[in-house]
Amino acid sequence: MKLWNVGALVLVGILTGCAPPELEALPAEPEAALDSQSQALSYPNGSSRTVVSRRVVYKNASGGYQAAAGFEQFRAAGASDGTLHTIRIAQVEAPSVREAIVFMTAGQKISSSGHSSGVTGQSSNWDASCDGVSCANVVLDGRSLAMKLHALGWFPPGRTHLSVVNDNNFDHLFDSDTKQRIVNGFVHWLQAQVRPETRSIYLAGSSRGGCLVMRIAQALRANTALDGINVYVSSLDGVCRNSQGELGTFDTKVNNPVRPWGTFYGAWATNLSAQFPRRDRLHMYQVVGGQEVAPATGIRAFSGYAGATPPSTGSHLDWGWYKQTWVKWQHKEIGNPYTDPSTSEQPLAVSETIDAQLTWLDGLL
């Protein structure tokens, strides 16, 4: 990732968690109140898994780039080999019969270290064993959304394709064309996993991964060949670039009604109804905090809104096909509620993020 001036040092923590306070004046009004939302249920942890995460484009013995077997769709979509070499995916379960497709992705990896994630279950040093082809011995924590869902068996055991993206390289600062090529690669690869018996696709991601799964869902729902398949999407503080109009975001901030006193948490508005004109069998849920993840960059999550114009302060939303709840947590705490909040706060953070997504999904399946 390249960033000049405000750049690499400021964004070392971007979208992964190490965000300093926002550089804004204190608000004049106290924290706004919301009607209490449904309490999330508690779900048991799954078992940890050790997997191999493969590069979609790898380096052969001669040092040349080559498309990895089974991932050819990424290179065919046209992103550069250098960009694709960073993308690493673990196919945790890949049965021949696939009634469901489950796809989980971490947020954007910025620094030289790895990126921990409460969605995928990877630790901060998950990439320690990576070489030019793959990453051996990547451990997925049993407390993660991926491993909890796998243990629950809501999608048919032995008949569900489960993949975990440890690094999607969906860089916030890439130009729109590069981003579209990356999205196309993921979409075409996921469509290649669909079988005649496939009835459900579940996508989940945090931060930039949340934006990625929303954009993947746009393409999947626009494909009439998939009209018989239910598409479920979980986004945790999903971040899209408003200066590019990504996912329809624009420069109007919807304030977080439960933001901590002294903060200016809020999210960039987007008319999601316009972004998803075909909504049959589509179900989406965004848990949003809206902390600016690096000061003075304008990088923050998105918020849907209803009506002609966005409200100045948001509220919980439930449109049937789209649900959104606001939380008080920092960006990094939403992305990994098991490690980043204080110990005393972790149970509530898990309840309002990972388990809230499972409660929502439980009510639909």
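Okay, so let's go over this structure. (Residues numbered from 1 in each chain as written. Predicted model: local features only at pLDDT ≥ 70, side-chain atom pairs only at ≥ 80, totals over all residues. Heavy atoms only, no water.)

### As for the overall build of the chain
Part 1 of the reasoning: Assigned secondary structure in the chain consists of 10 helices and 15 strands.
Part 2 of the reasoning: Counting every position in the chain, which comprises 365 residues, the buried fraction comes to 54%.
Part 3 of the reasoning: Across the chain, every contact between residues at least 6 apart in sequence was considered, and the portion connecting residues at least 24 apart equals 76%.
Part 4 of the reasoning: Taken as a whole, the chain presents about 14,100 Å² of accessible surface, with 50% of it coming from carbon and sulfur. (Helix = DSSP H or I, 4+ residues; strand = E, 2+ residues; numbered from the N terminus. Buried < 20%, exposed > 50% of the residue type's maximum accessible area, 1.4 Å probe, protein only. Contact = heavy atoms within 4.5 Å. Areas by Shrake-Rupley, 256 points an atom, 1.4 Å probe, with all protein chains shown as cover.)

### Quick look at the nonpolar core
Generally speaking, nonpolar side chains in soluble globular proteins are found buried as a group.
Part 1 of the reasoning: With 45 residues, the main nonpolar core has Ile89, Phe103, Phe186, Leu203, Ile216, Phe276 and Met284 as its most contacted residues.
Part 2 of the reasoning: When residues of this core are traced back to their parent elements, those giving at least two are strand 2 (57-59), strand 5 (100-105), helix 5 (176-193), strand 8 (200-206), helix 6 (208-222), strand 9 (230-236) and strand 12 (282-288).
Part 3 of the reasoning: Ranked by residue count, the leading element in this core is helix 6, at 7 residues.
Part 4 of the reasoning: Excluding its chain neighbours within four sequence positions, the residues that come into contact with Ile216 are Phe103, Phe186, Val187, Leu190 and Leu203. (Core = buried A, V, L, I, M, F, W, Y, C linked by side-chain atoms within 4.5 Å.)

### What to know about the pattern of salt bridges
Part 1 of the reasoning: Counted under the stated rule, the structure contains 12 salt bridges.
Part 2 of the reasoning: Close ionic contact of Asp81 with Arg75 constitutes a salt bridge, the shortest N to O distance being 2.8 Å. (Salt bridge = Lys/Arg side-chain N within 4 Å of Asp/Glu carboxyl O.)

### With respect to the state of the cysteines
Part 1 of the reasoning: A full pass over the atoms with the stated rule returns 2 disulfides.
Part 2 of the reasoning: Each sulfur of the disulfide joining Cys211 and Cys240 lies 2.1 Å from the other. Measuring the twist about the S-S bond at about 115 degrees, one finds the Cys211-Cys240 disulfide to be right-handed. Here Cys240 lies in the loop between strand 9 and strand 10 (253-255) and Cys211 lies in helix 6, a separation of 29 residues in the sequence.
Part 3 of the reasoning: If one numbers only the bonded cysteines of the chain, in the order they occur, the disulfide pattern is 1-2, 3-4. (Disulfide = S-S within 2.5 Å.)

### Topic: the sheet that holds strand 10
Part 1 of the reasoning: Across the sheet, 3 strands lie side by side as 10-11-13; this open sheet has mixed pairing. Strand pairing shows two members of the sheet lacking a second neighbour, strand 10 and strand 13 (302-304), which therefore form its edges. Averaged over neighbouring strand pairs, the angle between their axes works out to 50 degrees when direction is ignored. (Pairing = 2+ DSSP bridges. Axes fitted to C-alpha atoms, helices over the stretch in contact; angles between N-to-C directions.)

### Some details on helix 4 (residues 145-152)
Part 1 of the reasoning: Those residues of helix 4 that sit buried are Leu145, Ala146, Met147, Lys148 and Leu149.
Part 2 of the reasoning: Looking one or two places after helix 4, you find Gly153, whose phi comes out positive at around 70 degrees.

### What to know about the sheet that holds strand 7 (residues 160-167)
Part 1 of the reasoning: Pairing in this open sheet of 10 strands is mixed, and the strands run 6-1-4-7-5-8-9-12-15-14 from one edge to the other. The open sheet has two edge strands with one neighbour each: strand 6 (134-140) and strand 14 (317-318).
Part 2 of the reasoning: As paired strands, strand 14 and strand 15 (residues 322-326) are joined by 2 bridges and run antiparallel to one another. Residue pairing across strands places Leu317 opposite Gln324, the latter belonging to strand 15.
Part 3 of the reasoning: Along the sheet, helix 4 contacts strand 1 (49-55), strand 4 (88-93), strand 5, strand 6, strand 7 and strand 8; its crossing angle with strand 5, the most-contacted strand, is approximately 160 degrees.
Part 4 of the reasoning: The sheet contacts of helix 5 involve strand 4, strand 5, strand 7 and strand 8, and relative to strand 5 the element is tilted by about 150 degrees.

### Notes on the packing of helix 4 against helix 10 (residues 354-364)
Part 1 of the reasoning: Where helix 4 contacts helix 10, the axes come no closer than 10 Å and their chain directions differ by 35 degrees. The chirality of how helix 4 crosses helix 10 is right-handed. The segment helix 4 lies against helix 10, with Leu145, Lys148, Leu149 and Leu152 engaging Ile354, Asp355, Leu358 and Leu361.
Part 2 of the reasoning: Of the residues belonging to the contact of helix 4 with helix 10, the class tally is 6 nonpolar, no polar and 2 charged. (Left-handed = near helix turned anticlockwise from the far one by under 90°. Nonpolar A, V, L, I, M, F, W, Y, C, P; charged D, E, K, R; others polar.)

### Some points on unusual backbone geometry
Most peptide bonds take the trans configuration, and most residues that are not glycine carry a negative phi.
Part 1 of the reasoning: Its identity as a non-glycine residue notwithstanding, Asp237 has a phi of 55 degrees, on the positive side.
Part 2 of the reasoning: Here Asp237 lies in the loop between strand 9 and strand 10.
Part 3 of the reasoning: Using a relative accessible area of 0% as the deciding quantity, one classes Asp237 as buried.
Part 4 of the reasoning: In this model, Leu247 sits at a positive phi of 55 degrees, which is unusual for a non-glycine residue.
Part 5 of the reasoning: Within the secondary structure, Leu247 is located in the loop between strand 9 and strand 10.
Part 6 of the reasoning: Residue classification places Leu247 among the buried residues on the basis of a relative accessible area of 4%.

### Comments concerning the side chain of Ser235
Part 1 of the reasoning: Note on placement: Ser235 falls in strand 9.
Part 2 of the reasoning: For Ser235, a relative accessible area of 0% corresponds to the buried category.
Part 3 of the reasoning: With residues up to four places along the chain from it excluded, the contact list for Ser235 reads Gly205, Gly210, Tyr285, Gln286, Val287, Phe302 and Gln357.

### Topic: the packing of helix 5 against helix 6
Part 1 of the reasoning: In the contact formed by helix 5 and helix 6, the axes pass within 10 Å of each other and the chain directions differ by 65 degrees. The way helix 5 lies across helix 6 gives a crossing that is right-handed. Counting all contacts with helix 5, which are made through Lys179, Gln180, Val183, Phe186, Val187, Leu190 and Gln191, the residues of helix 6 involved are Arg208, Leu212, Arg215, Ile216, Ala219 and Leu220.
Part 2 of the reasoning: When grouped by side-chain class, the residues that make up the contact of helix 5 with helix 6 number 8 nonpolar, 2 polar and 3 charged.

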